[in-house]
There are 2 protein chains.
Amino acid sequence: MSYFGGFYGLEKRDVDELELVIIGAGAAGFSAAIYCSLLDVNYLFLDAEQGGGLINIAKEIENYPGVVGIRGPELIKAFKEHLQQVGGEVRAFEPVQELHFVAGGLLVKSNRQTYRPKAVIVATGLEVLGLKEEFGLTNERDYLGKGVSYCTECDGPLFKGKKVLAIGNPFDAFLLQRLTERVSYLGPVPEEFRSQVPREIIEANNIEYLEGQLEALEGENCLEAVVVDGARIPVDGLFITRRKAGSEIFEKAGLKLDDDGFIIVDRQMATNVAGVYAAGDITGEPWQIAKSVGEGAVASLSVFRFLTGQRMRNLGWALKDEWEI
Amino acid sequence: MSYFGGFYGLEKRDVDELELVIIGAGAAGFSAAIYCSLLDVNYLFLDAEQGGGLINIAKEIENYPGVVGIRGPELIKAFKEHLQQVGGEVRAFEPVQELHFVAGGLLVKSNRQTYRPKAVIVATGLEVLGLKEEFGLTNERDYLGKGVSYCTECDGPLFKGKKVLAIGNPFDAFLLQRLTERVSYLGPVPEEFRSQVPREIIEANNIEYLEGQLEALEGENCLEAVVVDGARIPVDGLFITRRKAGSEIFEKAGLKLDDDGFIIVDRQMATNVAGVYAAGDITGEPWQIAKSVGEGAVASLSVFRFLTGQRMRNLGWALKDEWEI
């Protein structure tokens, strides 16, 4: 047996030093926090509200593998309990307002304090753009889980054999067409749609295309109809799929975004800035809990490697590329 | 209200036509199958054995968010039950032996039959390379969950304050060094390690580097020591992290692999071949259930879009790039 000694010579890190701030407590943030607690990373987990994000409004979740038919708030509770069991917690009502990448580190400024972590995971999710801004309607949430949905792939299967209206992204109409009896799509008509589509395709049918002003949602208990330009159209479901990434402060900080405002990441969830990772809905479609949970796990392990690499580099060790993130 | 008619004119697909084969029933495969059942994709879900893959040997899983402290076989049972509830099932003991990409389609040849699906999800995972081949030792599985682990990030946290030996990837030693009291690493010494590391770093200490022949694992009930070149070294844990992707048939079929034999995918889990996606461990590190589940979900939604796009194209509709996968 030949013995080369403990030649990496890493000293035990200062356990008080802040290593990571996780921004946003949705599925991706919880996943990252659970991993970081298990991996003994010294982190802070901040949320602008009380945690859970869009999952709070999910009526029934059918597609988180291994957990059948759970309501959104229950899943958030399960995430919170899991995190507590491994020794972590969310700091609620502490929104991050600014992010700066400075020589030798990162600055994260919340409504309470400025932090200097070595790494950041951005997991702030996205906002649903409702009907208020464009159509002045305010009662869509009365029908949430009773006809109104914000997620085509999640809730489309619940509308088999039914009639639905899609607002937002024309592609969603195509997805819904496979799943439902009839799809109406309301939205702007790209010019090439009108000029390029052969007549026989127009005449065949089960997506219909509407233009006009959405004036009302109607229904006693569940959604029963929408009113477009004065005409009442019976529908069982309404899919509102316009999204906003809410990534202004990250763009300002220098993170590269795609055309739709989502943060560009690689397969390790690394952004264009060293030490900054992103996970979950803010990295783009599809907007799924399973994807967010997976990306949160990957991002936290990338941070763990990044922190390890940084310490090795500080000790003068020239890292080989294959050990880089 | 102006009305342009149902101009996409998609006809209802032939529900008997096989749309997808999912190859491999680990976490990624189950996730994809659950999604595809919900989305009404006509698919087959094949496994070479009875499903579950490496999760079957996981003693305790602490890091699947929302599900605390579950044993591997229990998690597989939960996946299977979830899949049954949404109407799907695994075809066990039907290994895929060949894959061909031919003009206009794909050919998947199993030990029983040849299929012609429109899309494929490869989720065959990876193999753990045990101690048998290199060291001729056959008793490592006696200590599984009792000291022996195949996953640094999963089980490292269980060894806080303990002594461990890592075999395989030197980077794992660095990861373990953060989590445990002392790490020994057994494996080949890259020449640059010897030449580049400053003496003061060699003298500081808590990873030690060993060379030699692993001759035995010892311990009454739990692992207590390893024997290297005749010397007994007390350890609490042994991490064996060498992996093999087992992607020969996919390489033969023309899928691009990285240097370590993992299938190269983009963020939508698309490979270099149209209609072929990959998910889970076979797409590379980190090897985590959460990552696999997330990638299975993303791959299935990509397939759903691919199938929709293919039908639109067949109808003569010139898809805009932004609707491509």
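In this text the structure is predicted, and so the values were computed from the model without any measurement.

Calculation rules
- Residues numbered from 1 in each chain as written.
- Chains lettered and ligands numbered in written order.
- Predicted model: local features only at pLDDT ≥ 70, side-chain atom pairs only at ≥ 80, totals over all residues.
- Heavy atoms only, no water.
- Helix = DSSP H or I, 4+ residues; strand = E, 2+ residues; numbered from the N terminus.
- Buried < 20%, exposed > 50% of the residue type's maximum accessible area, 1.4 Å probe, protein only.
- Disulfide = S-S within 2.5 Å.
- Salt bridge = Lys/Arg side-chain N within 4 Å of Asp/Glu carboxyl O.
- Pairing = 2+ DSSP bridges.
- Polar contact = N/O pair within 3.5 Å; in protein donor to acceptor, adjacent residues only side chain to side chain.
- Contact = heavy atoms within 4.5 Å.
- Core = buried A, V, L, I, M, F, W, Y, C linked by side-chain atoms within 4.5 Å.
- Domains from an automatic or database assignment.
- Buried area = accessible area lost by both parts, 1.4 Å probe.
- Nonpolar A, V, L, I, M, F, W, Y, C, P; charged D, E, K, R; others polar.
- Axes fitted to C-alpha atoms, helices over the stretch in contact; angles between N-to-C directions.
- Phe/Tyr/Trp six-rings, centres within 6.5 Å; stacked < 30°, edge-to-face > 60°.
- Parallel < 35°, antiparallel > 145°, perpendicular 65-115°, else oblique.
- Left-handed = near helix turned anticlockwise from the far one by under 90°.

A.B. asks: Is there a simple way to explain the environment of G294 of chain B in this structure?
C.D. replies: Residue and element names in this part refer to chain B. Tracing the backbone shows G294 in helix α9 (residues 289–314). Since its relative accessible area comes to 5%, G294 is described here as buried. A C-alpha to C-alpha distance of 8.5 Å links G294 and A279, two positions 15 residues apart in sequence.

A.B. asks: Help me understand the state of the cysteines, please; the structure alone is not making it clear to me.
C.D. replies: Where two cysteines share a covalent bond between their sulfur atoms, that bond is called a disulfide. All chains considered together, the criterion is met by 2 disulfides over all chains. One disulfide in the model links C151 of chain A with C154 of chain A; its S-S distance is 2.2 Å. The sign of the 60 degrees torsion about the S-S bond sets the C151 of chain A-C154 of chain A disulfide as right-handed. C36 of chain A forms no disulfide, and the closest cysteine sulfur to it belongs to C154 of chain B, at a distance of 14 Å.

A.B. asks: Explain the pattern of salt bridges to me, please; I cannot follow it from the model alone.
C.D. replies: Close approach of charged atoms lets side chains of opposite charge pair. Evaluation of the coordinates by the stated rule reveals 24 salt bridges over all chains. One salt bridge in this structure joins E81 of chain A and K77 of chain A, with 3.7 Å as the shortest N-O distance. Within this pair, E81 of chain A and its partner K77 of chain A are both found in helix α2 (residues 72–85), separated by 4 residues, close to a single helical turn. Of the residues examined, K77 of chain A reaches a relative accessible area of 52% and is grouped as exposed. Of the charged contacts, one joins E127 of chain B and K244 of chain B as a salt bridge, the two residues approaching to 3.7 Å between their closest N and O atoms. Within this pair, whereas E127 of chain B is found in strand β8 (residues 127–128), its partner K244 of chain B is found in strand β17 (residues 243–244), the two being separated by 117 residues in sequence. Relative accessible area serves as the criterion here: at 40%, E127 of chain B is assigned to the partly exposed category. By sharing partners, the salt bridges in this structure join R91, E94 and R112 of chain A into a single network.

A.B. asks: Would you mind showing me how to read the sheet that holds strand β6 (residues 114–115) of chain A here?
C.D. replies: Within a sheet, neighbouring strands are paired by backbone hydrogen bonds and run either parallel or antiparallel to one another. Residues and elements named next belong to chain A. Spatially, the 3 strands line up as an open sheet ordered β4-β5-β6, and their pairing is antiparallel. Each edge of the sheet is formed by a strand with only one pairing partner; in this case those strands are β4 (96–102) and β6. Judged from the 2 bridges that link them, strand β5 (residues 105–110) and β6 form a sheet pairing that is antiparallel. Directly across from V108, in β6, lies its bridge partner Y115.

A.B. asks: Explain the side chain of S110 of chain B to me, please; I cannot follow it from the model alone.
C.D. replies: Residues and elements named next belong to chain B. Structurally, S110 can be placed in strand β5 (residues 105–110). Accessibility expressed as a relative area gives 4% for S110, which makes it buried. Within the structure, the side chain of S110 is placed 2.6 Å from the side chain of E94, a separation counted as a polar contact. From its side chain, S110 meets the backbone nitrogen of R112 in a polar contact 2.9 Å long.

A.B. asks: Which parts of the structure should I look at to understand the environment of D155 of chain B?
C.D. replies: Residues and elements named next belong to chain B. As for its position among the elements, D155 is in helix α4 (residues 152–155). When its relative accessible area of 18% is taken as the criterion, D155 is described as buried. The spatial distance from the C-alpha of D155 to the C-alpha of L179 is 10.0 Å, given a sequence separation of 24 residues. Excluding anything up to four places from it in sequence, D155 contacts S149 and F239. In this structure the side chain of D155 is engaged in a polar contact, spanning 2.6 Å, whose partner is the side chain of S149.

A.B. asks: What's the story with the nonpolar core in this structure? I'm lost.
C.D. replies: Grouped burial of nonpolar side chains is what soluble globular proteins tend to show. F79 of chain A together with F79 of chain B are the most contacted members of the largest nonpolar core, which has 134 residues in total. Ignoring sequence-local partners within four residues, the contact set of F79 of chain A consists of A27, F30, I34, I55, Y64, I289 and V293 of chain A together with P65 and G66 of chain B.

A.B. asks: Please explain the domain arrangement of chain A as it appears in this structure.
C.D. replies: Interface size, as often reported, equals the accessible area lost upon joining of the parts. Residue and element names in this part refer to chain A. Each domain of chain A was delimited in the assignment, giving domain 1 (3–126 + 245–323) and domain 2 (130–241). For the pair domain 1 and domain 2, the summed buried area comes to about 600 Å², and 57% of that belongs to carbon and sulfur atoms. It is I57, K59 and Q288 in domain 1 that bury the most area against domain 2; as a group they hold 58% of the surface buried on that side. Here domain 1 and domain 2 share 0 salt bridges between them. In this structure, the connection of domain 1 to domain 2 is made through 0 residue pairs in polar contact (both at pLDDT 80 or more). Taken together, the residues that form the side of domain 1 that touches domain 2 break down as 2 nonpolar, 2 polar and 1 charged.

A.B. asks: Is there a simple way to explain the sheet that holds strand β14 (residues 225–228) of chain A in this structure?
C.D. replies: Residues and elements named next belong to chain A. As summarised here, the arrangement of the 3 strands in space is β13-β14-β15, forming an open sheet in which the pairing is antiparallel. In this open sheet, the two strands that pair with only one neighbour each are β13 (214–218) and β15 (231–234). Each strand axis lies, on average, 25 degrees off the axis of its neighbour in the sheet, ignoring direction. Inspection of the sheet shows β13 paired to β14 by 4 bridges, in the antiparallel sense. Bridging across to β14, A216 finds its partner in V227.

A.B. asks: Please explain the packing of aromatic side chains as it appears in this structure.
C.D. replies: All chains considered together, the criterion is met by 13 aromatic pairs over all chains. Judged by centre distance (6.1 Å) and plane angle (85 degrees), the ring pair of Y64 of chain B and F79 of chain B falls under edge-to-face. Residue Y64 of chain B is located in the loop between β3 (43–46) and α2 (72–85), and its partner F79 of chain B is located in helix α2; the two are separated by 15 residues in the primary sequence. The residues Y64 of chain B and F79 of chain B share a single accessibility class, namely buried. Each residue in the set F30, F45, Y64 and F79 of chain A together with F30, F45, Y64 and F79 of chain B is aromatic and connected to the rest through ring pairs, giving one cluster.

A.B. asks: Before we go on, may I ask you to explain the packing of helix α1 (residues 27–38) of chain A against α2 of chain A in this structure?
C.D. replies: Helix-helix packing: each pair is described by the crossing angle between the helix axes and the interaxial distance. Residue and element names in this part refer to chain A. In the contact formed by α1 and α2, the axes pass within 9 Å of each other and the chain directions differ by 15 degrees. Judged by the inter-axis angle, α1 sits roughly parallel to α2. You can see that α1 and α2 cross each other, and the crossing is left-handed. Where α1 approaches α2, its residues A27, F30, A33, I34 and S37 are matched on the opposing element by F79, K80, H82 and L83. The residue makeup of the contact of α1 with α2, split by class, is 6 nonpolar, 2 polar and 1 charged.

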